[in-house]
Amino acid sequence: NEIRNNGGFGFRQQFQNPHMRLSASISLDEAFAGTSLPLEYLDAEGQTKKVKVTVPPGAMNGLTLRLQGQGLQNDTNYPPGDLLIGLSILPHPIFSAIGIDLYMKHSLSMVDAALGTSMVIPLLCETPVKADLAPGTQPNQKIRLKGKGMPNPNAPTNRGDLYVMVDITIRTVLTEKQREILEELKGIS
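Below, the structure is looked at part by part. The residue numbers shown here count from 1 along each chain, following its written sequence. For a predicted model such as this one, the threshold for reporting local features is a pLDDT of at least 70, and the threshold for listing and counting side-chain atom pairs is 80 or more; totals across whole chains, interfaces and linings nevertheless cover every residue. The side-chain quantities take in all heavy atoms of the structure and omit both hydrogens and water.

## Re the nonpolar core
Put simply, a nonpolar core is a bunch of buried Ala, Val, Leu, Ile, Met, Phe, Trp, Tyr and Cys residues held in one set by side-chain atoms that sit within 4.5 Å of each other. For every residue, the accessible area obtained with a 1.4 Å probe (protein chains only) is divided by the maximum for its type, and the residue is called buried under 20%, exposed over 50%, and partly exposed between those limits. Core analysis: the largest hydrophobic core is formed by 36 residues, its most contacted members being Leu37, Leu87, Ile121, Leu162 and Val164. Of all the elements, strand E7 (residues 83-89) adds the most residues to this core, at 4 residues. With sequence-adjacent residues up to four places away left out, Leu162 is seen in contact with Phe95, Leu102, Tyr103, Met104, Ile121, Pro122, Leu123, Ile143, Arg144, Leu145, Lys148 and Gly149. Numbering of helices and strands starts at the N terminus; helices are DSSP runs of H or I of at least 4 residues and strands are runs of E of at least 2. Note on definitions: a residue-residue contact is assigned when non-hydrogen atoms from the two residues lie within 4.5 Å.

Following this line, the structure appears as structure tokens:
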């Protein structure tokens, strides 16, 4: 399949059958650790094909995995196309991922925010860690836990960060004693 242009220089163009596109969803835990994903699909002849796709640790939403030669083969004169699998990450009840960084909210009482406290922070696929909050923590303050985010898909030993957004909760029902203490505090400040 050599094609010549007007200048006389030749090049080879490799023809190939079309690619086949599929989509698959995985959990954030699977994206964090990596997984082997079994897939079934119908080829051009209507035959069921089964493949296993290796999802690397740190896979991100929108990642396309390519399996060479697993696509369509409409014309047997040319090699088969590739199988392209577009990944989407399912929502997680605690964490959200932006790139290799993770984000979460952590509720805190106004007393703990004012006085400071030690809190236990859950991690994705790991043992929770303790974090100390300084007195005077403000609503929506971000706490950064370095290296506790997603693995970098290009260098899995490097990890993003976990950002904990402090959500301060205020009680809607107070006991009489709690109300008295708050009234007294109001008078002092």
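## Regarding the environment of Thr157
Structurally, Thr157 is set in strand E14 (residues 155-159). When the C-alpha positions of Thr157 and Gly147 are compared, they lie 9.6 Å apart, and in sequence the two are 10 residues distant.

## Structural notes on the sheet that holds strand E3 (residues 20-26)
In this scheme, strands are said to pair when DSSP sees at least two bridges between them. Spatially, E3-E7-E6 is the arrangement adopted by the 3 strands of the open sheet, whose pairing is mixed. Each edge of the sheet is formed by a strand with only one pairing partner; in this case those strands are E3 and strand E6 (64-67). In this sheet, adjacent strand axes meet at a mean angle of 25° when their direction is disregarded. The axes used here are C-alpha line fits, helices contributing only the stretch in contact, and every angle between their N-to-C directions lies in the interval 0 to 180 degrees.

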